[in-house]
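# Fold and geometry: a report
Each chain, letter by letter, is given below.
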Amino acid sequence: MTEPVETLIPPPASMQRENTTLLRMRGISKRYGGVQALSAVDLDLRAGEVHALLGENGAGKSTLIKVLAGATQPDEGTVEIDGQVSAMATPAAARAAGVSVVHQEFSLVPTLTVLENLFLGTEIRARFGRVDWRAQRRAATEAAARMGVPLALDRRVETLSIAEQQRVEIARSLLFDAKIIVLDEPSAVLAGRELEQLFEIVRGLRDSGTGVVYISHRLSELTSLADRVTVLRDGKRVETRPMEGTTEADLIRLMVGRDIDAARHDRQHHGDVVLEVSGVRLFKGGPEIDLTVAAGEVVGIAGLVGSGRTRLANSLAGIHRPHAGEVRLCGRAVRLGSPRASVAAGMAVIPENRRDEGALLPHTISENVALPNLREVSRGGLVRRESERKLAEQVIARLDVRPKDTEARVGGLSGGNQQKVVIGKSLVRSPVPQLFVFDEPTRGIDVPAKHEVHRAIADLAAAGSAVILISSELPEVLQCSHRILVMREGAIAGELPMGASEEDVMSLAVGTPA
Amino acid sequence: MTTTAGLAHADTGAARAVALRVLGVLGVAAVAAVATALWLPQFYTATNLNSLLLQASILGIVTLGQALVLLVAGLDLSVAAVMSASLVVVASLSGEGLGGIAVAVLAAVLLGLGVGTLNGVLVAYRGVAPFIVTLGTAALVSGLQLVYTRGAPPGAIPERMRGLTQDGIGVVPWSAVLCVALAVALHVGLRRGTYGRRVYATGTSLGVARRAGVRTDLLLVGIYALCGGLAALAGVVLSSYVGYVDGAAGKGYDLDSVAAAVIGGVAFTGGKGGVLGAALGALALTVVLNVLVLSGIGSHVQLIARGAIIVVALAFIAHRAIKK
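Residues numbered from 1 in each chain as written. Chains lettered and ligands numbered in written order. Predicted model: local features only at pLDDT ≥ 70, side-chain atom pairs only at ≥ 80, totals over all residues. Heavy atoms only, no water.

## Regarding the overall build of chain B
Counting its secondary structure elements, chain B contains 13 helices and 2 strands. When its C-alpha atoms are laid out on the principal axes, chain B stretches across 70 × 55 × 35 Å. The 324 residues of chain B split such that 46% are buried. Of all intrachain contacts in chain B linking residues separated by at least 6 positions in sequence, the fraction that spans at least 24 positions is 77%. Here chain B displays about 14200 Å² of accessible surface, and carbon together with sulfur accounts for 72% of that area. The distance from the centre of the 19 positive side-chain charges to the centre of the 9 negative ones in chain B is 15 Å. (Helix = DSSP H or I, 4+ residues; strand = E, 2+ residues; numbered from the N terminus. Buried < 20%, exposed > 50% of the residue type's maximum accessible area, 1.4 Å probe, protein only. Contact = heavy atoms within 4.5 Å. Areas by Shrake-Rupley, 256 points an atom, 1.4 Å probe, with all protein chains shown as cover. Lys, Arg positive; Asp, Glu negative; His and termini not counted. Charge placed at Lys NZ, Arg CZ, Asp CG, Glu CD.)

Below is the structure:
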């Protein structure tokens, strides 16, 4: 980085559009605890190529990118850049090797100007350690020219639109001479003309010989923008193929792929309506949501991350206050924005984030179970240890928590057993909650625990509670639900009956007809 | 399952480490006490033990409140200002009659509850950092006190109030009995009561507590109010101890109370430790400071030593907490 000015001059485009392979990832495997996030994944990236990386939530895209960015180390496999094996031991090493990742969350300092941000930590120095502003300005102007869009170098970043901030991030990659630029869902935050400009920038990068890994859920833009596509599913590479001749329907089929277990639930008569949500806006100025869930019914909610699923759960829990609308439980209006009111009304929301919102890790199982049940286990303001222990034993017996020790600390349990305690403490509430909302109840837990959770969901519905099941795992939603609502951009994009296919769900979730 | 067992083991290990630390602190205090008996025989005179317990009881009462605030991951730096103001209120409102004293003490405690409530409201409902809030209210209280007294506090501490610190059972002053009674009552509330469950849950994870239906906002306000009230009570005891009107008598109790609580095993990060440990921490800190006084070190050097002890203790313990 001593002389970044020179490195910025783009080589003639003609030279760069040869099929030289910039990046060769081979046999990348990575395990997180009991979850095989990646198994033997290969990825090739050519110079002057836009390579789409596609897969459902949890398919392994993020892990693969983390490996490429040096943010995590693979258990097996090699990364070659320009024919040389790179260790990619740290983010700095990956950067030095020419890899840049533009994340969905930008890493810009809002109160500094664009120019200051571009060179933050990598300032060009003149004599006596002074910052050489003229050289920086020149380099930045060249980077902007290479992207084909102007950059307002002297404006503070906080005054820029999201699209402009994104350009600053991309320009920063160019300034340290990145050969490989990973764009993680860059289009998710853009619309209309800004989207067009982003595509122009990406094409410009490609034409100047940069290799672009492009992650997006918007299939329609991929078919026109990408040269090749690699599809991941369950941590494995399904296929890498040229985009030419590939349709959106092909992509969905590749992403979803497997046969679906026949839905196991018998169609049954559901009871009265328990939950009525009407006119709720999760986002300011966003679309209105209406939904009902009946007693004994399991309603699955699918959708991509960021589609509003968790916000819906948090609105029901009283953690998030929706911008409009009404929630009724068994006919009675529920005060919005108050977790206590939600609990008192008879709702139990099992949060997505077990560690921060579900369980008190340093506390024992019985203390955790007692927390929402303090009135039941106390007399005159004093906790009765015996009733507390009995309640915890109920949880342990009903969900098969291991170890079977009411005084074990929850932080020492496996993820699956922690989750059982989190579910169990609502399960034993009296009266039993009329509505259960499960937000990603089986994320990161092992298979036997998953079955326990699924059984608990089915039992609750059978016993007459209304259940909402939010999950990124389509097989789970399809298998456990009586009907499925698919969310997209804060709205309910559609409803599917039991027996729907993963393709049906995905095409609603990404907004294209399959 | 091996990892599970390992983690569980680590947890009991952590609990043991806490117990060891408390024992260690007490051990150090004991060794210091024995050494003192050899070098400083005047330590064990009735007069000294009495004044030691007296000082420990004042620090102990304010430390109880500080510990409560620390348990919910907060901090109260306004306790010293409240103690001084409480002393001034006692002096200016009470005559020699019992009724007057009662009114004055009540007024002082109400002042403390009021300041604490303000702290709690700003922390819980406005989301301001406890450190900033309580530094601000400390300045506010001291400023109001100056305006009210014009720099020269009026009145006197009634002779009758002095019994609280000058009389007692043997060498144990009534104020120490009061401190122990308060500590035991709070301990029972925290360890046996549903109140304690809500406090520890909130201190460990505000998110979990809220989702379980705990009114964490109200709980925080209550805790800060309680801390303010206890600080005011400590100020009342301080007025009885000092015996004259000093507008800055509470100076230093803010940092000392934090140090005592942390030495007594209360974690900065919330949810860990208890009030009995905090009270013992106050006793230990007082013993150490007492020995410094008796050893005849000049008062300026004493100040340095006092600061050094607090900084080292906090740095040592806080560092361990961060590593975890």
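## Focus: the overall build of chain A
A tally of regular secondary structure across chain A gives 19 helices and 22 strands. What you see for chain A is a C-alpha radius of gyration of 26 Å, in line with the 24 Å of a compact globule of 514 residues. Overall, the C-alpha framework of chain A stretches about 75 × 55 × 45 Å when taken along its three principal axes. When burial is assessed residue by residue, chain A has 54% of its 514 residues classed as buried. In chain A, once contacts between residues fewer than 6 apart in sequence are set aside, the share between residues at least 24 apart is 66%. Surface accessibility of chain A: about 22000 Å² in total, with carbon and sulfur atoms responsible for 49%. Averaging the coordinates of the 63 positive side-chain charges in chain A and doing the same for the 66 negative ones gives two points 5 Å apart. (Rg over C-alpha atoms; globule rule 2.2 N^0.38 Å.)

## A few points about the interface of chain B and chain A
At the junction of the two partners, chain B supplies 24 residues and chain A supplies 33 residues. With both chains or domains summed, chain B and chain A bury close to 2400 Å², and 59% of this area falls on carbon and sulfur atoms. Together, Arg197(B), Val208(B) and Arg211(B) form the three largest contributors to the area buried by chain B at its contact with chain A, with a combined 32%. Applying the counting rule to chain B against chain A returns 2 salt bridges. (Buried area = accessible area lost by both parts, 1.4 Å probe. Salt bridge = Lys/Arg side-chain N within 4 Å of Asp/Glu carboxyl O.)

## Some thoughts on the packing of aromatic side chains
Inspection of the entire model under this criterion finds 2 aromatic pairs over all chains. With centroids separated by 6.1 Å and ring planes inclined at 15°, the aromatic side chains of Phe436(A) and Phe438(A) adopt a geometry described as stacked. On the basis of relative accessibility, which here comes to 0%, the residue Phe436(A) falls in the buried class. Take Phe438(A): its relative accessible area is 0%, and that puts it in the buried class. Plain terms: the ring middles of Phe43(B) and Tyr44(B) are 4.7 Å apart, the flat faces sit at 75° to each other, and that makes the pair edge-to-face. The ring of Phe176(A) carries Arg95(A) above its face, with NZ or CZ at 4.2 Å from the centroid. (Phe/Tyr/Trp six-rings, centres within 6.5 Å; stacked < 30°, edge-to-face > 60°. Lys NZ or Arg CZ within 6 Å of the ring centre and 35° of its normal.)

## Here's the deal with helix H3 (residues 61–68) of chain A
Residues and elements named next belong to chain A. Of all 8 residues that make up H3, 6 are buried, and the element is covered over most of its length. Listing the buried residues of H3 in full gives Lys 61, Thr 63, Leu 64, Ile 65, Val 67 and Leu 68. Just downstream of H3, Gly 70 is the residue with a positive phi angle, here 75°.

## Brief notes about the confidence of the model for chain A
All names here are of chain A. Residue-level pLDDT values for chain A average 87, and 93% of them are 70 or greater. Predicted confidence is poor over residues 1–17, with pLDDT under 50, and the contacts of this stretch with residues over four places away or in other chains come to 24 contacts. Note on residues 259–267: pLDDT is under 50 here. Beyond four places in sequence and across chains, it has 17 contacts. (pLDDT = per-residue confidence, 0-100.)

## As for the pairing of strand E19 (residues 435–439) of chain A
Residues and elements named next belong to chain A. Within E19, 5 of the 5 residues are buried, which leaves it mostly tucked inside the rest of the structure. A two-sided burial pattern is seen for E19, the buried positions comprising Leu 435, Val 437 and Asp 439 on one face and Phe 436 and Phe 438 on the other. Summarising the sheet, strand E16 (residues 347–350) and E19 pair through 4 bridges and their orientation is parallel. Residue pairing across strands places Ile 350 opposite Phe 438, the latter belonging to E19. When E19 meets strand E20 (residues 466–470), the two strands line up parallel, connected through 5 bridges. Considered in E20, the bridge of Asp 439 is made with Ile 470. In the classification by handedness, the crossover that spans E19, the intervening helix H17 (residues 447–462) and the parallel E20 is right-handed. (Pairing = 2+ DSSP bridges. Right-handed = clockwise from strand over helix to strand, strands pointing away.)

## Some thoughts on the sheet that holds strand E21 (residues 483–488) of chain A
Residues and elements named next belong to chain A. The 6 strands lie next to each other as E16-E19-E20-E13-E21-E22, forming an open sheet whose pairing is mixed. In this open sheet, the two edge strands, each paired with only one partner strand, are E16 and strand E22 (491–497). Neighbour-to-neighbour, the strand axes of the sheet open up by a mean angle of 20°, direction not taken into account. Alignment of strand E13 (residues 298–303) against E21, held across 5 bridges, turns out to be parallel. Pairing of Ala 302 across the sheet is with Val 486, part of E21. Packing against the sheet, helix H16 (residues 415–427) makes contact with E16 and E19, and its axis sits at approximately 175° to E16. (Axes fitted to C-alpha atoms, helices over the stretch in contact; angles between N-to-C directions.)

## Some points on the packing of helix H7 (residues 174–191) of chain B against helix H8 (residues 194–204) of chain B
Residue and element names in this part refer to chain B. One can describe the packing of H7 onto H8 by two numbers: an axis separation of 5 Å at closest approach and a directional angle of 75°. Between H7 and H8, the interaxial angle falls into the category roughly perpendicular. Across the interface between the two elements, Gly 189, Leu 190 and Arg 191 from H7 touch Tyr 195, Gly 196, Arg 197, Val 199 and Tyr 200 from H8. For the contact of H7 with H8, the class distribution of residues is 4 nonpolar, 2 polar and 2 charged. (Parallel < 35°, antiparallel > 145°, perpendicular 65-115°, else oblique. Nonpolar A, V, L, I, M, F, W, Y, C, P; charged D, E, K, R; others polar.)

## What about the pairing of strand E7 (residues 180–184) of chain A?
Residues and elements named next belong to chain A. Burial runs high along E7: 4 of the 5 residues are buried. Relative to E7, strand E6 (residues 99–102) runs parallel, the two sharing 4 bridges. Looking at E7, one finds that Val 99 is bridged to Ile 180.

## Section: the nonpolar core
Formed by 116 residues in total, the largest nonpolar core has its most connected members in Ile365(A) and Phe438(A). Ignoring sequence-local partners within four residues, the contact set of Phe438(A) consists of Ile350(A), Ile423(A), Ile457(A), Leu460(A), Val467(A), Ile468(A), Leu469(A) and Ile470(A). (Core = buried A, V, L, I, M, F, W, Y, C linked by side-chain atoms within 4.5 Å.)

## A short note on helix H3 (residues 79–93) of chain B
The first and last C-alpha atoms of H3(B) sit 21 Å apart over 15 residues, in line with the 21 Å expected at 1.5 Å per residue. Extensive coverage of H3(B) is indicated by the burial of 13 of its 15 residues. (Expected span 1.5 Å × (residues − 1).)

## Quick word on the environment of Val266(B)
The topology assignment puts Val266(B) in the loop between helix H11 (253–263) and helix H12 (275–294). Other than its neighbours up to four places away in sequence, Val266(B) contacts Ala67(B), Leu70(B), Leu71(B), Ala261(B), Lys272(B), Gly273(B), Gly274(B) and Ala278(B).

## What about the side chain of Asn117(A)?
Its location among the elements puts Asn117(A) in helix H5 (residues 114–118). Looking at Asn117(A), its side chain comes within polar contact range of the main-chain nitrogen of Val109(A), at 2.8 Å. (Polar contact = N/O pair within 3.5 Å; in protein donor to acceptor, adjacent residues only side chain to side chain.)

## Observations concerning the domain arrangement of chain A
All names here are of chain A. The domain architecture assigned to chain A consists of domain 1 (4–13 + 48–71 + 85–256) and domain 2 (273–510). Computed over C-alpha atoms, the centres of domain 1 and domain 2 are 37 Å apart. Here domain 1 and domain 2 share an interface that buries about 850 Å² over both sides, 65% of which is from carbon and sulfur atoms. Here domain 1 is connected to domain 2 by 0 salt bridges. Where domain 1 touches domain 2, the interface holds 0 residue pairs in polar contact (both at pLDDT 80 or more). (Domains from an automatic or database assignment.)

## Notes on unusual backbone geometry
All names here are of chain A. Pro 403 follows Arg 402 through a cis peptide bond whose omega is -5°. Looking at the secondary structure, you find Pro 403 in the loop between helix H15 (385–399) and H16. Here the amide bond leading from Ser 430 into Pro 431 is cis, since omega sits at 0°, within 30 degrees of zero. Here Pro 431 is to be found in the loop between H16 and E19.

## Re empty space enclosed by the protein
Applying the stated criterion across every chain, the model contains 3 cavities of 30 Å³ or more. Of the pockets and cavities examined, the largest cavity occupies roughly 180 Å³. Secondary structure elements with two or more residues in the lining of the largest cavity: helix H12 (339–345), E16, helix H13 (354–358) and H16 of chain A together with helix H9 (206–211) of chain B. Per-element tally for the lining of the largest cavity: the top contributor is E16(A), with 4 residues. (1 Å grid on protein atoms, 1.4 Å probe; cavity = no way out; pocket = protein on both sides within 12 Å on 5 of 7 lines; lining within 4 Å. Points joined across faces, edges and corners; volume = space filled by probe spheres on them.)

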